[in-house]
Amino acid sequence: MSPLPPLNGQDSAALWERFRQLLWHDPDLSLWLDVSRMALEEQDLEAFEAPFARAFAAMEALEAGAIANADEGRQVGHYWLRAPELAPDPAVAAAIAAEVDRLEAFGRDVLAGTVTAPGGRPFTDVLWIGIGGSGLGPLLMLRALERQGVGLPFHFFDNVDPDGMARTLAGLADRLTTTLVIVVSKSGGTPEPHLGMVQARARVLAAGGDWSAQAVAITMGGSHLDQEAKAAGWLRRFDMFDWVGGRTSITSAVGLLPAALIGADLRGFLEGAAAMDRLTRVPDLRANPAALLAASWHVAGGGQGRRDMVVLPYRDRLEVFSRYLQQLVMESLGKRLDRDGVVVHQGLAVYGNKGSTDQHAYVQQLRDGLDNFFVTFIEVLEDPAEIPTIDGECPADFLEGFLQGTRAALAEQARQSITITLGRFDARGLGALIGLFERAVGLYGELVNVNAYHQPGVEAGKKAAAGILALQSRVEALLADGQPRSLAAIGAELELDAVEPVFWLLRHLCANDRGYGAKGDWGQPEGLVFQHT
Ligand SMILES: O=P(O)(O)OC[C@H]1O[C@H](O)[C@H](O)[C@@H](O)[C@@H]1O
């Protein structure tokens, strides 16, 4: 292969030559990857040979069952979910295959009305309760693959906001007794889905429903949630394996059950991911799309994430893809320490929405402002037939024009971009996209020597939240005597290092009918006196 023409300052002929040389295409998936507008030069590709050889070897070991998540002493097995034969333990392979069969059968039976709500009525809705990967993967499956009038409508508790819960429950109105409630928590102990389940159960029972006959759990065998579901005889329990992380669980029951309940092609989804896995297993940087992505990210950000990834799908169905990638990329790569214990504060920030919509928003800054990003365009060639050309104007052509125009406008200002082109968008294509980014993140994690499969920072937040709740209990116990107290007095009696958290939690309690009041100027916290009334 002749040396690559460099990216910058090139005429169209040289850029076309560069585009041709770097273009990756798989005819079976009808998928192209263009990294020609990234600052990836010949010398980079040569310099990456050895690091990628190591990364490919590490990925091979990972798929063979190595403890790739060393901090948690876990294997990393999401690739086995779509190719069970890869699992090193035949029993695991059998369990994976059996779970997919059960999920497919359950979805089919619910939609056919052979599995019904209590009283023999068909299920009318799904209330999905899950957070992080247990919420984002399902949301992406739905927004990407739902078809009008096929399958059940989904409603989400993906947070612990009482207003959000109230709004979702209001939307379910009188259909709570025919709602299938799916509680998803790999660990089975995350506070938010637990609280959501408690609230949903109370509402279903208050509406005269039969909770156990309407509830499904997706969690690790033996987890607190699994034990609860088993003890109460819930309608179904599906397994999450401990070697699947939340952000890589979409090809497990977490993503497959939503697909089954909207009548989507879950086998095609798995096959697309498996096909991409085969293509990203090729130990050749120039022929491996995930490696080309990881290399491009590394050069763009200097291996330190100095440029953000802006995800710009030109297809509404992929509107939440940037939110999904935010977790996959940032929870994997955003790490304080590398695997040698060195403080590196690694990461790669992700944001985006969709094109051409975003051209009327932040693309202005991308074109003319800070050069602290690269764009990842996603183009889909096949358009739905029902939107016609009217008066010579075809929306699909405009969308294509806006994509190419934005890519060119960015390139003119030496702003970098990647373009992933799908011949058509369907479950198989979505699976391929998921596989592409999961592998690219794993390879990039090898390049920057971080464990891409644990999330210590999230645990820190969970512990801090538990501390605030414990403090609230102590404050409420103290004020239960009805005596008025200043913040200073509360701090002294509880022997606190700081009273600011007490101000925050009492301000919240006083704003609601929780039996607390305060005298004084809220703008002068030190003068406030609180009392349980
Ligand atoms: O599925 P769960 O165990 O409830 O976990 C839900 C989420 O919790 C944490 O925030 C993890 O960092 C995420 O990766 C995970 O998706």
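The structure reproduced in this document is the subject of the present report. Along each chain, residues carry numbers from 1 onward, in the same order as the chain's sequence is written. Local features in this predicted model are restricted to residues of pLDDT 70 or higher, and side-chain atom pairs are both shown and tallied only at a pLDDT of 80 or more, whereas totals for entire chains, interfaces and linings draw on every residue. The basis for every side-chain value is the complete set of heavy atoms in the structure, and neither hydrogens nor water enter the calculation.

What to know about the pairing of strand β4 (residues 154–157)
Here β4 shows a buried face lined by Phe154 and Phe156 and a second buried face lined by His155 and Phe157. Whether two strands pair depends on DSSP finding at least two bridges between them. Starting at the N terminus, helices and strands are each numbered in turn, a helix being any DSSP run of H or I of at least four residues and a strand any DSSP run of E of at least two. Across four bridges, strand β3 (residues 125–129) lies against β4 in parallel orientation. Residue pairing for β4: leucine 127 is matched across the bridge by histidine 155. Whether a crossover is right-handed comes down to one check: with the strands pointing away from the viewer, does the path from the first strand over the helix to the second run clockwise; if it does, it is right-handed. The β-α-β motif built from β3, the intervening helix α4 (residues 133–145) and the parallel element β4 has right-handed crossover chirality. Buried, partly exposed and exposed residues are distinguished by accessible area as a fraction of the type maximum, computed with a 1.4 Å probe on protein chains only: under 20%, between the cut-offs, and over 50%, respectively.

Some details on the sheet that holds strand β5 (residues 179–184)
If you walk across this open sheet you meet the five strands as β4-β3-β5-β6-β7, and the pairing is parallel. Because the sheet does not close on itself, it has two edges, and the strands there are β4 and β7 (236–239). On average, each strand axis in the sheet is tilted by 20° relative to the strand beside it, whichever way the strands run. Of the pairings in the sheet, the one linking β3 to β5 comprises five bridges and is parallel in character. Considered in β5, the bridge of aspartate 125 is made with threonine 179. By definition in these notes, contact holds between two residues if any of their heavy atoms fall within 4.5 Å. Simply put, an axis is a line fit to the C-alpha atoms, just over the touching stretch for a helix, and the angle between two N-to-C directions goes from 0 to 180 degrees. Against the sheet, α4 makes contact with β3, β4 and β5, and its axis sits at roughly 160° relative to β4, the strand it touches most.

A short note on unusual backbone geometry
Look at the link from glycine 355 to serine 356: it is a cis peptide, with omega at 10°. Of note in the backbone geometry, serine 30 takes a positive phi value of approximately 50° without being a glycine. In this structure, serine 30 sits in the loop between β1 (24–26) and β2 (31–37). Given a relative accessible area of 12%, serine 30 falls into the buried group. Its identity is not glycine, yet alanine 173 carries a phi of approximately 45°, on the positive side. If you trace the backbone, alanine 173 turns up in the loop between α5 (162–172) and β5.

Remarks on the site of the ligand
In this text, near means that some heavy atom of the residue lies within 4 Å of the molecule or strand in question. Ser134, Ser185, Ser187, Thr190 and Glu331 are the nearest of the 14 residues found near the ligand. Contacts to the ligand include threonine 190, whose side-chain N or O atom sits 2.6 Å from an oxygen atom. Relative to its free-state accessible area of 390 Å², the ligand is covered by the protein chains to the extent of 89%. Looking at the shell around the ligand, the elements with two or more residues in it are α4, α12 (321–333) and α16 (456–479). The term polar contact refers here to a pair of N or O atoms within 3.5 Å; inside protein, the definition further demands a hydrogen-donor-capable atom paired with an acceptor-capable atom, and it admits residues adjacent in sequence only when both atoms are side-chain atoms. Every accessible area reported is derived by Shrake-Rupley at a probe size of 1.4 Å, with residue values counting cover from the shown protein chains alone.

Looking at the packing of helix α10 (residues 266–279) against helix α15 (residues 427–447)
Where α10 contacts α15, the two axes come as close as 6 Å, and the packing angle between them is 40°. Taken together, the axes of α10 and α15 lie oblique to each other. By crossing handedness, the relation of α10 to α15 is classed as right-handed. Contacts from Gly268, Phe269, Glu271, Gly272, Ala273, Ala275, Met276 and Asp277 in α10 reach Ala427, Arg428, Leu430, Gly431, Ala432, Ile434, Gly435, Leu436 and Arg439 in α15. Looking at the contact of α10 with α15, its residues break down into nine nonpolar, four polar and four charged. Here the word oblique covers every angle except those under 35 degrees (roughly parallel), over 145 (roughly antiparallel) and from 65 to 115 (roughly perpendicular). Working rule for handedness: look at the near helix, and if it is turned counterclockwise from the far one by less than a right angle, call the crossing left-handed; if clockwise, right-handed. Three classes are used, and their members are as follows: Ala, Val, Leu, Ile, Met, Phe, Trp, Tyr, Cys and Pro are nonpolar, Asp, Glu, Lys and Arg are charged, and the others, Gly among them, are polar.

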